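The primary structure of each chain is shown beneath.
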Amino acid sequence: MSSSAPVVAIVGPFGFIGDHVTPAFVKAAKGGEVARLKILSSDPSRPLLQQYASDAPQQVELVQADYKDVKSLERTLQGVDILVSSMGMQGDFATSKESLIHAAANAGVKIYIPSEWGTDHHSTKREHPMFTAKQHHHAAAEALGLKVVAIYTTRIDSASSTWAIPGDGSQPVALTSQRDLGPYAVHAVLLAYSDPTKVPSHLRVCSDNRSWNEYADIMEGMSGIPIKREYVPLEEAERKYEAVRANIAPHMLGPLIPIMSAEGTFDHSVSSNELLNPGQKYFVPRKVDEYAKEVGGRPWLNGDPFSPN
């Protein structure tokens with residue numbers, strides 16, 4: 001058990017996940033919860049990164065990262081306790097991830113948060129190349145001696161006032177607000193550092209966990225506009241998926257999502273929320289009710305989606 005503050009490194013500071021996780025760690029560094037924060041980027045000169053560094057010049061360090069140079073990464077990660085990744089899937093990301101974990105292990109990094117932030121693929125019987133690759137990466141990092149803590153959230157896309165709802169719409173579906181991503185990540189890191197035995201290798205978090213029907217009711221109640229609900233039987237969803245499966249990119253889930261939703265893959269009734277945020281001590285998760293108020297019950301008009309995939 002450690003009573004000191006950790007040194008944290010972040011890779012992938014931009015993008016759908018990084019844009020929300022990185023500011024939370026900058027805030028934690030400014031507040032002393034993180035002793036020092038290294039932000040690794042291929043272009044540290046980007047204005048937003050420069051802003052992070054100017055906000056906390058004593059705590060935040062910007063480092064240019066070359067994922068093809070393992071020795072350089074190793075030097076960069078010297079003295080780092082925890083490595084947080086929100087690396088995207090651009091370029092040769094698989095090789096970059098492998099280089100990253102080897103450099104982290106050689107540098108003595110203790111804890112690794114891989115770039116998951118999506119489906120808990122251990123809770124589904126469905127096979128997918130992306131799930132297989134992530135499971136392999138997790139196992140490879142553990143084999144190198146890193147304590148790996150994967151954080152799983154879920155998703156929602158409401159691009160229309162017509163909702164195609166899998167099954168009968170009664171199955172709970174967990175949603176995680178982008179606002180809550182950072183706080184969950186920070187407190188997972190701090191708890192794992194202070195007492196690694198308390199934190200399992202797989203964390204399921206969410207901001208809300210209700211059914212599609214309940215979410216639709218909330219939106220309708222706020223907007224006064226009925227949402228057309230088109231219920232898609234599981235068998236029909238499976239047929240549609242098999243018809244296009246061969247043409248789906250390996251890093252996309254596409255029509256597999258409603259199938260997993262109907263099967264309960266996104267039900268986070270059993271979650272790590274209380275472990276990371278006991279009694280909502282650190283933050284109050286953003287429920288769909290609050291989101292509905294912000295967008296007037298019409299999320300399809302909103303440019304800031306509630307949760308990531």
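To be clear, the structure that these remarks concern was listed above.
Residues numbered from 1 in each chain as written. Predicted model: local features only at pLDDT ≥ 70, side-chain atom pairs only at ≥ 80, totals over all residues. Heavy atoms only, no water.

A. Examining the overall build of the protein more closely. Assigned secondary structure in the protein consists of 11 helices and 12 strands. Computed over C-alpha atoms, the radius of gyration of the protein comes to 20 Å, within 12% of the 19 Å expected from 2.2 N^0.38 for 309 residues, which places it in the range of a compact globule. Each of the three principal axes of the protein carries a C-alpha extent, and together these read 55 × 40 × 40 Å. Counting the 309 residues in the protein, one finds 51% classified as buried. Contacts spanning at least 24 positions in sequence make up 79% of the contacts within the protein whose residues lie at least 6 apart. In the form shown here, the protein has an accessible surface area of approximately 13900 Å², with 52% of it arising from carbon and sulfur atoms. Mean positive and mean negative side-chain charge positions of the protein (29 and 35 charges, respectively) differ by 3 Å. (Helix = DSSP H or I, 4+ residues; strand = E, 2+ residues; numbered from the N terminus. Rg over C-alpha atoms; globule rule 2.2 N^0.38 Å. Buried < 20%, exposed > 50% of the residue type's maximum accessible area, 1.4 Å probe, protein only. Contact = heavy atoms within 4.5 Å. Areas by Shrake-Rupley, 256 points an atom, 1.4 Å probe, with all protein chains shown as cover. Lys, Arg positive; Asp, Glu negative; His and termini not counted. Charge placed at Lys NZ, Arg CZ, Asp CG, Glu CD.)

B. A look at the nonpolar core. Of all hydrophobic cores here, the largest spans 39 residues; its most connected members are Val8, Phe25, Leu37, Val84, Ile113 and Trp117. Listed by contribution, the elements that provide at least two residues to this core are strand E1 (7-11), helix H1 (15-30), strand E2 (36-41), helix H2 (47-55), strand E4 (82-85), strand E5 (111-113) and helix H6 (178-194). Apart from the residues within four sequence positions on either side, valine 8 is in contact with Phe25, Val34, Arg36, Leu37, Lys38, Val80, Ile82, Val84 and Val189. With 25 residues, the next largest nonpolar core counts Trp212, Leu253, Ala292 and Val295 among its residues. (Core = buried A, V, L, I, M, F, W, Y, C linked by side-chain atoms within 4.5 Å.)

C. Seen up close, the sheet that holds E5. Taken in spatial order, the six strands make up an open sheet running E3-E2-E1-E4-E5-E6, and their pairing is parallel. A strand with exactly one partner marks an edge of an open sheet, and here the two such strands are strand E3 (60-64) and strand E6 (147-148). Both E2 and E3 contribute to a ladder of five bridges, which runs parallel. Bridge pairing in E3 links serine 41 to glutamine 64. (Pairing = 2+ DSSP bridges.)

D. Focus on the layout of surface pockets. Roughly 1200 Å³ of internal volume is contained in the largest pocket. The wall of the largest pocket is formed by 47 residues, among which Met87, Gly88, Met89, Gln90 and Ser115 lie closest to the centre. Listing elements by their share of the lining of the largest pocket, those giving two or more residues are H1, E2, helix H4 (93-107) and helix H5 (129-143). A total of seven residues in the lining of the largest pocket trace back to one element, the largest contributor, which is H5. (1 Å grid on protein atoms, 1.4 Å probe; cavity = no way out; pocket = protein on both sides within 12 Å on 5 of 7 lines; lining within 4 Å. Points joined across faces, edges and corners; volume = space filled by probe spheres on them.)

E. Structural detail: the side chain of aspartate 120. By the element assignment, aspartate 120 lies in the loop between E5 and H5. Here aspartate 120 falls in the buried class, since its relative accessible area comes to 7%. Engagement of the side chain of aspartate 120 in a polar contact is seen with the side chain of arginine 204, the distance being 2.9 Å. Once residues lying within four places of it in the same chain are set aside, the contact partners of aspartate 120 are Tyr152, Arg204 and Thr265. (Polar contact = N/O pair within 3.5 Å; in protein donor to acceptor, adjacent residues only side chain to side chain.)

F. Molecular detail of the packing of H1 against H6. Relative to each other, H1 and H6 sit at 50 degrees, their axes nearing to 8 Å. It follows that H1 is oblique to H6 by the angle criterion. For the crossing formed where H1 meets H6, the hand is right-handed. Contacts between H1 and H6 involve Phe16, Ile17, His20, Val21, Ala24, Phe25 and Ala28 on the former and, on the latter, Gln178, Leu181, Gly182, Pro183, Ala185, Val186 and Val189. (Axes fitted to C-alpha atoms, helices over the stretch in contact; angles between N-to-C directions. Parallel < 35°, antiparallel > 145°, perpendicular 65-115°, else oblique. Left-handed = near helix turned anticlockwise from the far one by under 90°.)

G. View of the pattern of salt bridges. If you walk through the whole model with that rule in mind, you get 17 salt bridges. Close ionic contact of glutamate 220 with arginine 229 constitutes a salt bridge, the shortest N to O distance being 3.0 Å. Notably, a salt bridge pairs arginine 245 with glutamate 242, separated by 3.2 Å at the nearest N-O pair. Connected through shared salt-bridge partners, Arg179, Arg286, Glu290 and Glu294 make up one network. (Salt bridge = Lys/Arg side-chain N within 4 Å of Asp/Glu carboxyl O.)

H. The side chain of serine 41, seen in detail. Inspection of the secondary structure assignment puts serine 41 in strand E2. Here aspartate 43 takes part through its backbone nitrogen, which lies 3.0 Å from a polar atom of the side chain of serine 41. Among residues more than four places away in sequence, those in contact with serine 41 are Pro13, Phe14, Leu49, Val63, Gln64 and Ala65.

I. Up close: the packing of aromatic side chains. The final tally for this structure, using the stated rule, is three aromatic pairs. With centroids separated by 6.0 Å and ring planes inclined at 85 degrees, the aromatic side chains of tryptophan 163 and tryptophan 212 adopt a geometry described as edge-to-face. With tryptophan 163 in strand E8 (residues 162-166) and tryptophan 212 in helix H7 (residues 212-223), this residue pair connects regions lying 49 residues apart in the sequence. We classify tryptophan 212 as buried; its relative accessible area is 14%. A ring pair is formed by tryptophan 212 and tyrosine 215, whose centres lie 6.2 Å apart and whose planes are at 80 degrees; its orientation type is edge-to-face. Remark: tyrosine 215 and tryptophan 212 occur in helix H7; sequence separation between them is three residues, near one turn of the helix. This pair shows no difference in class: tryptophan 212 is buried, exactly as tyrosine 215 is. Just above the ring of phenylalanine 14 sits the side chain of arginine 46; from NZ or CZ to the centre is 3.7 Å. (Phe/Tyr/Trp six-rings, centres within 6.5 Å; stacked < 30°, edge-to-face > 60°. Lys NZ or Arg CZ within 6 Å of the ring centre and 35° of its normal.)

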